[in-house]
Amino acid sequence: MEYYDSKGNLVELNKSSTSYEGSNAIVYKLENGISFKEYFCSGDTIISQSMFEFLKSVNNPNFINLIDRYYKSLKVKDYKAFLKSISDTTPTEDIRNIDTYKIDAYTYYWIEQESIDFLEEDKEYILENFRALLNLADYFSQNRIGLADIKTDNVICNQNNIVLIDPDMYYFIPEFSKTDIHKKNRLRIIYLMSSLCCRLTRHKSYETTDKVTGLFKESLERPEHAEKILSKSLRNYKKAIDYIRK
């Protein structure tokens, strides 16, 4: 199928086998370690072009590496108007996607998922990634970006990093907003790490869930000090599972 890229160039992308199919999009693996995510339909779950361009500039090992956005050529009737529309990447404070031409697909660099048991990993794996993700959340907050749809299904974990993917629902915060986005973004990361520790482990039980919840309880109460609190809680343990078994 033919698409226009963000510069208005007509390209043909040869999609191979399906790698993943979600509720609103399907992901294909292309050549050279590149993935192609194509939306099923239009709606508010589609990333805006201004948000895409900002996130594309983020160079962080804990965040998806975006490449380019694409539009189905069949939808374009007036090329000049189309080119003008897709060139406007001014951040909008409207949480809805109001782009005239909504993104149909985008490419990003493939990230390999590996089997990780969070409770059996050395505690430094949890602490270092927790710290890195909170710093990333703070960076987004400084740029008035709200994190959304942060859940275990929207991360890739391997031996090096925990990587946030699927930023389709991230949004810009209005200047006049009284929302404490710094606190909200941090809380989303804390909840995410707690969920990962509960789900990505072979030690699954109600007791384990309760103890993991307790491990992150104070961090949720004082998110501005979350890194120090978790580090202090695990100070005398080599692995998180050792804390759970105490």
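The text that follows walks through the structure, step by step, so that each part is easy to find.

Glancing now at the overall build of the protein chain. Scanning the protein chain for helices and strands turns up seven helices and eleven strands. Here the protein chain has a C-alpha radius of gyration of 20 Å; the compact-globule value for 246 residues is 18 Å, and the two agree. Counting only C-alpha atoms, the protein chain reaches 65 × 45 × 30 Å along its principal axes. Split into buried and exposed, the 246 residues of the protein chain put 48% on the buried side. Sequence-distant contacts, at least 24 apart, represent 73% of the contacts inside the protein chain between residues at least 6 apart. Between the averaged position of the 35 positive side-chain charges in the protein chain and that of its 37 negative side-chain charges there is a distance of 5 Å.

What follows deals with the nonpolar core. In summary, soluble globular proteins display a tendency toward joint burial of nonpolar side chains. Grouped together as the largest cluster of nonpolar side chains are 65 residues, with contacts concentrated most on Leu-55, Phe-118, Phe-140 and Tyr-170. Among the elements that line this core, the one with the most residues is helix 3 (residues 123–142), at nine residues. In this view, Phe-140 contacts Phe-54, Leu-55, Val-58, Phe-63, Ile-145, Leu-147, Tyr-170 and Asn-185; residues no more than four positions away in its chain are not counted.

At a minimum axis distance of 10 Å, the contact between helix 3 and helix 6 (residues 226–233) shows a crossing angle of 170 degrees. Compared by their axis directions, helix 3 and helix 6 come out roughly antiparallel. Across the interface between the two elements, Ile-126, Leu-127, Phe-130, Arg-131, Leu-134 and Asn-135 of helix 3 pack against Ala-226, Glu-227, Leu-230 and Ser-231 of helix 6. Classifying every residue of the contact of helix 3 with helix 6 gives six nonpolar, two polar and two charged.

Moving on, we get to the pairing of strand 6 (residues 66–72). With respect to burial, strand 6 is a largely interior element, five of its seven residues being buried. One ladder, built from three bridges, connects strand 1 (residues 2–5) with strand 6; its direction is antiparallel. Residue pairing in the sheet places Tyr-4 in a bridge with Tyr-71 of strand 6. Pairing of strand 6 with strand 7 (residues 105–109), which is carried by four bridges, proceeds in the antiparallel orientation. Counted as the bridge partner of Leu-66 is Tyr-108 from strand 7.

What counts as what
- Residues numbered from 1 in each chain as written.
- Predicted model: local features only at pLDDT ≥ 70, side-chain atom pairs only at ≥ 80, totals over all residues.
- Heavy atoms only, no water.
- Helix = DSSP H or I, 4+ residues; strand = E, 2+ residues; numbered from the N terminus.
- Rg over C-alpha atoms; globule rule 2.2 N^0.38 Å.
- Buried < 20%, exposed > 50% of the residue type's maximum accessible area, 1.4 Å probe, protein only.
- Contact = heavy atoms within 4.5 Å.
- Lys, Arg positive; Asp, Glu negative; His and termini not counted.
- Charge placed at Lys NZ, Arg CZ, Asp CG, Glu CD.
- Core = buried A, V, L, I, M, F, W, Y, C linked by side-chain atoms within 4.5 Å.
- Axes fitted to C-alpha atoms, helices over the stretch in contact; angles between N-to-C directions.
- Parallel < 35°, antiparallel > 145°, perpendicular 65-115°, else oblique.
- Nonpolar A, V, L, I, M, F, W, Y, C, P; charged D, E, K, R; others polar.
- Pairing = 2+ DSSP bridges.

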